[in-house]
Amino acid sequence: MKKGVTITILIFIAIVFFGALYYLYAKNQESPIVFETDKAEIKTIVKNTIATGNIVPDEEVLIKPNISGIIEAVYIKAGDNIKAGDLIAKIKVVANVSNLSNSQNQVQTAKINLDNQEKIFQRQKTLFDKGVISANDFDAAQLAINQAKQNYAASKQGFDIVKTGTSSGLGNYANTLIRSTVNGMVLDVPVKVGNQVIESNTFNEGTTIASVADVGRMIFVGKIDESEVGKIKEKLPIEITVGAIENKKFDAVLQYIAPKGKTENGAIQFEIKASMPNKDNTFIRAGLSANASIILEKAEKVLALKEALVQFDPKTQKPFVEVETGVKKFERRNVVLGVSDGIYVEIKSGVKALDKIKVWNQGLKKEEPKP
């Protein structure tokens, strides 16, 4: 009985011994773990925020008529360059029956008054020639007939204006001829021959005949989310990218941030405007969609490291990296960070350009067995 127990114990010890030997052998055969490394680079890092919008003219002038009527002729088309005073369109006046009747009555009244003053003047002249009345009385009669003639001429001119929109003697002041008030390019002509137009007055903004703008003075108008508006301020530099113009960026300066936001699709949006002083000679059509990269911070040609290589101390939250000092040996070094764009971060101190930085969070790689 004792002999069997002894044999069992010896067998168990042998199994444990050989098992341990096999474990150590198998572990010794595993490939050693090797950490990947990376180096710092010289880069220009830009921290920015994006706003979407359109390119529009800084000032767009809407040309409106000062008399109602029907478009008789249009002398321009979209894309034409015009100057102030150039003829845009001609309007044919459709007379208002009530105004026409009143003007006609005024002409008849003025004619009756003129005929009466002529009779009085002839009598006064005869009496003056005979020496019956004084020169003062004759001068008063002359003044009265001259005023009657003036009133008659004015009433006839008013009748012509009501009937046709113009009158002889007005020349370039004729209301039926619509002229440009500014220099620039014609962006749009929303009317055609035969369209009825309404005059611009206190109670009505009137019908737009043409819109004219200086396309050399374009601005960016866009909107930015409320989560980003607190990061920006006026005078910040902007890079404008126009979707229709490939491989080109335009420099701009942020000029305006709306003090009040508007709700759009459940989010608060703030309007921004940016001037584009250095547009060079590139022709940008009004209304083109564009993206504005508002530059918050910029560091040019600095030592930069991928943010994925930076670790943070669990207690102090201070950044550090692990620098390779030998084969499979790494040393912890604290670093001072600068501008970050989300991918790369500026390294102000702690790391040199030739240092190999441990890639701690991109997985581990096993060393390839040597042939």
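Please read these numbers as outputs of a predicted model, since none were measured by experiment.

So, how was this worked out
- Residues numbered from 1 in each chain as written.
- Predicted model: local features only at pLDDT ≥ 70, side-chain atom pairs only at ≥ 80, totals over all residues.
- Heavy atoms only, no water.
- Helix = DSSP H or I, 4+ residues; strand = E, 2+ residues; numbered from the N terminus.
- Buried < 20%, exposed > 50% of the residue type's maximum accessible area, 1.4 Å probe, protein only.
- Contact = heavy atoms within 4.5 Å.
- Salt bridge = Lys/Arg side-chain N within 4 Å of Asp/Glu carboxyl O.
- pLDDT = per-residue confidence, 0-100.
- Phe/Tyr/Trp six-rings, centres within 6.5 Å; stacked < 30°, edge-to-face > 60°.
- Lys NZ or Arg CZ within 6 Å of the ring centre and 35° of its normal.
- Polar contact = N/O pair within 3.5 Å; in protein donor to acceptor, adjacent residues only side chain to side chain.
- Core = buried A, V, L, I, M, F, W, Y, C linked by side-chain atoms within 4.5 Å.

### Structural notes on the overall build of the chain
So, point 1. The helix and strand inventory of the chain stands at four helices and 24 strands.
So, point 2. Burial status across the chain gives 29% buried among its 371 residues.
So, point 3. Summarising the internal contacts of the chain: among those between residues at least 6 apart in sequence, 72% fall at separations of at least 24.

### Considering the pattern of salt bridges
Pairs can form between side chains of opposite charge once their charged atoms are near each other.
So, point 1. Overall, the coordinates contain 15 salt bridges when judged by the stated rule.
So, point 2. Across the pair Lys-47 and Glu-297 runs a salt bridge whose closest N-O atoms are separated by 3.9 Å. Taken together, the residues Lys-47 in strand 3 (residues 41–57) and Glu-297 in strand 17 (residues 289–306) connect sequence positions 250 residues apart.
So, point 3. For Lys-47, a relative accessible area of 36% gives the class partly exposed.
So, point 4. When salt bridges with common partners are traced through the structure, they connect Asp-58, Glu-59 and Arg-217 into a single cluster.

### What to know about the confidence of the model for the chain
So, point 1. Per-residue pLDDT for the chain averages 82, and the proportion of residues at 70 or more is 84%.
So, point 2. By mean pLDDT, the top-scoring element of the chain is strand 11 (residues 210–213) (93), and the lowest-scoring one is strand 24 (residues 365–366) (45).
So, point 3. pLDDT under 50 marks residues 364–371. Its contacts with residues more than four places away, or in other chains, come to 10 contacts.

### Observations regarding the packing of aromatic side chains
So, point 1. This structure, assessed with the given rule, holds two aromatic pairs.
So, point 2. Here Phe-121 and Phe-138 contribute two aromatic rings whose centre-to-centre distance is 5.6 Å and whose plane-to-plane angle is 35°, an arrangement assigned as tilted. Of this pair, Phe-121 sits in helix 2 (residues 97–129) while Phe-138 sits in helix 3 (residues 135–164); the two residues are 17 residues apart in sequence, bridging distant segments of the chain. Just as Phe-121 is buried, Phe-138 falls in that class too.
So, point 3. When the ring centre of Tyr-256 is taken as reference, the NZ or CZ atom of Lys-273 above it lies at 5.5 Å.
So, point 4. Lying over the aromatic face of Phe-320, Arg-332 brings its terminal NZ or CZ to 3.9 Å of the ring centre.

### Description of the environment of Gln-311
So, point 1. Examined against the element boundaries, Gln-311 turns out to sit in strand 18 (residues 311–312).
So, point 2. Setting aside residues no more than four positions away along its own chain, Gln-311 makes contact with Lys-318, Pro-319, Phe-320, Glu-322 and Trp-360.
So, point 3. A distance of 2.9 Å separates a polar atom in the side chain of Gln-311 from a polar atom in the side chain of Glu-322.

### Considering the nonpolar core
So, point 1. In terms of nonpolar packing, the biggest core is built from 26 residues, with Ile-55, Phe-220, Ile-224, Ile-232, Ile-238, Ile-240 and Ile-272 touching the most fellow members.
So, point 2. Elements with a contribution of two residues or more to this core: strand 3, strand 12 (218–225), strand 13 (237–242), strand 14 (249–257), strand 16 (267–275) and strand 17.
So, point 3. The next biggest cluster of nonpolar side chains, apart from the first, holds 16 residues, and it includes Ile-67, Ile-82, Val-191 and Ala-210.

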